[in-house]
Amino acid sequence: MLRVDFVEGTVAHRLRFGGGRGQDLAKAMGLRAGKTPMIIDATAGLGRDSFLLASLGAQVTLIERSEEMHMLLTQGMERAEREGGHFREIIGRMTLLKGDAKDLIPDLHGEAILIDPMHPERKNSALVRQDLRQVRAIVGTDDDAGDLVRLAIKHASKRVVLKWPAKADPIEGIQKCSHQIRGKTTRYDVFMTG
């Protein structure tokens, strides 16, 4: 049974031992000493990246268009808020919206927009983690990811970050990124817009 959990498991571990603003995601999004951009997570999914960014002080607007994922996120955020303390403080910096990011972004103010669409099916035999397979079953394939990236580039005041598998081909029809931050399995294609 898929559940969004910010209090235990991988998210809690990353919160305690993740490396703060030195993490690839934080660097890609522009969080550095004295700089904490207003962030829009256009494809919230399980909310893990948003929670991490909020834990580093960012105000994050999460957008989720899947009714079921939105409900799971709402429940996960409510549980974390009830936990109180540090969790309540982090959730307090997160605002969850339901709808299609392409419709909502033009009316929002975001310095940095994160886009983490469903990644293409893997060519090798290694299976994607169970929770991510469940998310794919709920939200489908995100065939409009290129449209979302192009729209985000028009509206982000500083940058758009596309989270994508390290070895995957770029999404067709979008401009070349300004730079990349590469991890072992994930890369962040950064499009500077300011």
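Here, every reference points to the structure presented above.
Since the model is a prediction, treat every value here as computed from it, not as a measurement. (Residues numbered from 1 in each chain as written. Predicted model: local features only at pLDDT ≥ 70, side-chain atom pairs only at ≥ 80, totals over all residues. Heavy atoms only, no water.)

Q: Could you give me a rundown of the overall build of the protein chain, with the residues and numbers involved?
A: Looking only at helices and strands, one finds 8 helices and 7 strands in the protein chain. Within the protein chain, the fraction of its 194 residues that count as buried is 48%. Here the contacts in the protein chain between residues at least 6 apart in sequence split such that 67% fall between residues at least 24 apart. In the form shown here, the protein chain has an accessible surface area of approximately 10,200 Å², with 50% of it arising from carbon and sulfur atoms. (Helix = DSSP H or I, 4+ residues; strand = E, 2+ residues; numbered from the N terminus. Buried < 20%, exposed > 50% of the residue type's maximum accessible area, 1.4 Å probe, protein only. Contact = heavy atoms within 4.5 Å. Areas by Shrake-Rupley, 256 points an atom, 1.4 Å probe, with all protein chains shown as cover.)

Q: Would you mind going over the pairing of strand β7 (residues 186-192) in detail, with residue names and values included?
A: The buried fraction of β7 is high, at 6 of 7 residues. Pairing analysis gives 4 bridges linking strand β6 (residues 179-182) to β7, with the strands arranged antiparallel. Counted as the bridge partner of Arg182 is Arg187 from β7. The hairpin formed by β6 and β7 contains 3 residues between the paired strands. (Pairing = 2+ DSSP bridges.)

Q: Talk me through the environment of Arg159; I want residue IDs and the actual numbers.
A: Of note, Arg159 is situated in strand β5 (residues 159-165). For Arg159, a relative accessible area of 10% gives the class buried. Those residues within four positions of Arg159 in sequence are excluded, and the remaining contacts are Lys27, Ala28, Met29, Gly30, Arg32, Glu111, Ala112, Ile113, Val190, Phe191, Met192 and Thr193. Within the structure, Arg159 has its side chain in polar contact with the backbone oxygen of Ala28 (distance 2.7 Å). (Polar contact = N/O pair within 3.5 Å; in protein donor to acceptor, adjacent residues only side chain to side chain.)

Q: I'd like a description of the pairing of β5, backed by residues and values.
A: With 7 of 7 residues buried, β5 is to be regarded as a mostly interior element. With 4 bridges connecting them, strand β4 (residues 112-115) and β5 associate as parallel partners. In the strand pairing of β5, Leu114 is matched with Val161. Pairing geometry for β5 and β7, over 7 bridges, is antiparallel. Bridging from a neighbouring strand, Trp164 pairs with Arg187 of β7.

Q: Go over the pattern of salt bridges, please, and point to the residues and values.
A: Evaluated as defined, the whole model comprises 12 salt bridges. For Arg14, the salt bridge identified is with Asp49, shortest N-O distance 3.4 Å. Here Arg14 is found in helix α1 (residues 9-17), whereas its partner Asp49 is found in helix α3 (residues 48-55), with 35 residues between them in sequence. Overall, the relative accessible area of 28% leaves Arg14 in the partly exposed class. (Salt bridge = Lys/Arg side-chain N within 4 Å of Asp/Glu carboxyl O.)

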